[in-house]
Amino acid sequence: DAMVIQNPRYQVTQFGKPVTLSCSQTLNHNVMYWYQQKSSQAPKLLFHYYDKDFNNEADTPDNFQSRRPNTSFCFLDIRSPGLGDAAMYLCATSGLAGGTHNEQFFGPGTRLTVL
Amino acid sequence: GQQLNQSPQSMFIQEGEDVSMNCTSSSIFNTWLWYKQDPGEGPVLLIALYKAGELTSNGRLTAQFGITRKDSFLNISASIPSDVGIYFCAGHKYGNKLVFGAGTILRVKS
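Since the structure is predicted, the reported quantities are computational estimates derived from the model, not experimental observations. (Residues numbered from 1 in each chain as written. Chains lettered and ligands numbered in written order. Predicted model: local features only at pLDDT ≥ 70, side-chain atom pairs only at ≥ 80, totals over all residues. Heavy atoms only, no water.)

**Re the overall build of chain B**
Moving on, step 1. The secondary structure content of chain B amounts to 0 helices and 11 strands.
Moving on, step 2. Relative to the compact-globule value of 13 Å for 110 residues, chain B shows a C-alpha radius of gyration of 13 Å, a close match.
Moving on, step 3. Projecting the C-alpha coordinates of chain B onto the three principal axes gives extents of approximately 40 × 25 × 20 Å.
Moving on, step 4. Of all 110 residues assigned to chain B, the portion counted as buried reaches 45%.
Moving on, step 5. In chain B, of all internal contacts separated by at least 6 residues, the share reaching a separation of at least 24 is 53%.
Moving on, step 6. For chain B, the computed accessible surface area is about 5100 Å², with 51% contributed by carbon and sulfur atoms.
Moving on, step 7. When the 9 positive and 8 negative side-chain charges of chain B are each reduced to one mean point, those points stand 12 Å apart. (Helix = DSSP H or I, 4+ residues; strand = E, 2+ residues; numbered from the N terminus. Rg over C-alpha atoms; globule rule 2.2 N^0.38 Å. Buried < 20%, exposed > 50% of the residue type's maximum accessible area, 1.4 Å probe, protein only. Contact = heavy atoms within 4.5 Å. Areas by Shrake-Rupley, 256 points an atom, 1.4 Å probe, with all protein chains shown as cover. Lys, Arg positive; Asp, Glu negative; His and termini not counted. Charge placed at Lys NZ, Arg CZ, Asp CG, Glu CD.)

**Let's talk about the sheet that holds strand S8 (residues 73–78) of chain A**
Backbone-to-backbone hydrogen bonds pair the strands of a sheet. The strands run either parallel or antiparallel.
All names here are of chain A.
Moving on, step 1. The 4 strands are arranged S1-S3-S8-S7 in an open sheet whose pairing can be described as antiparallel. Here the strands that pair on one side only, and so sit at the sheet edges, are strand S1 (4–7) and strand S7 (64–67). Across the sheet, the mean angle from the axis of one strand to that of its neighbour is 20°, orientation sign disregarded.
Moving on, step 2. Alignment of S7 against S8, held across 4 bridges, turns out to be antiparallel. The residue bridging Arg-67 from the neighbouring strand is Phe-75, located in S8. (Pairing = 2+ DSSP bridges. Axes fitted to C-alpha atoms, helices over the stretch in contact; angles between N-to-C directions.)

**What about the side chain of Thr-93 of chain A?**
All names here are of chain A.
Moving on, step 1. Mapped onto the secondary structure, Thr-93 falls in strand S9 (residues 87–94).
Moving on, step 2. Within the structure, Thr-93 has its side chain in polar contact with the side chain of His-29 (distance 2.8 Å).
Moving on, step 3. Ignoring any residue separated from it by four or fewer positions in sequence, one finds Thr-93 in contact with Val-4, Gln-25, Leu-27, His-29, Val-31, Met-32, Tyr-33, Glu-103, Gln-104 and Phe-105. (Polar contact = N/O pair within 3.5 Å; in protein donor to acceptor, adjacent residues only side chain to side chain.)

Structure below.
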C-alpha cells in the first residue's frame, strides 16, 4: 500500500544533542511537509519542499533544518534540541490533484523526547 | 494569519449518539478537509470537500462544504467507542498550505 513512513516512531535525545528524523513516501508526491505538534494542539507547519524547492515558515526557528535528497525521502534535523522542542513531529505529503495540492497525507509521526 | 474556529472544543457522548462539529472562518476556502487523529498517531484524512454546498459521506461520517465557503460541518452517526480521538478541520485556500482548526476532542461513553 502507498504510504508515508516515519522513523523512528519514538526518539529520545539529550538537551543540545543533534537529532535527525526521517520520512519516506511511496505515493510519489512532489510536496513533502514537516509539522510540529504539541499536546492536543493542531499541527504547526515548519517547512515544506515543493520538489526540490525549500519553503520555510517565517516563524520556524533556525534550529530546525531539512533535507530532501530525492523525491521519496525527507529529513528533519534539529541542531540543538531544547526542552521546548519535545513534541510529535509529523511528515505529510501531497500530490498535484486538479491543479492544486489540497489533500495532505500524514505519516504516523515521531515522538521526540528531550532529556 | 488565517484562523479556523472549530467547535466544540471537546465532547463526551454516549455510545450510539450522533455527533456534530463545525468549523467557521472569516475568509473563504477552496477546499475543506476533515482529519481524525488517534493518540500517538498521525492525522488520517476522513473526507475532502471541493465544492460549495457539497455534501459527502464516508460510512457513518457526513460532511458538508458551506454555501458561503466559510464553514464546514462533520456529523458522525451512531457513535462507537473507536470514534474516540481528535477531529481536525483544515481549509485550503491557495498554494501548498493548510489552515487547521484547533481540534475537537471526542470521548465516547460505552
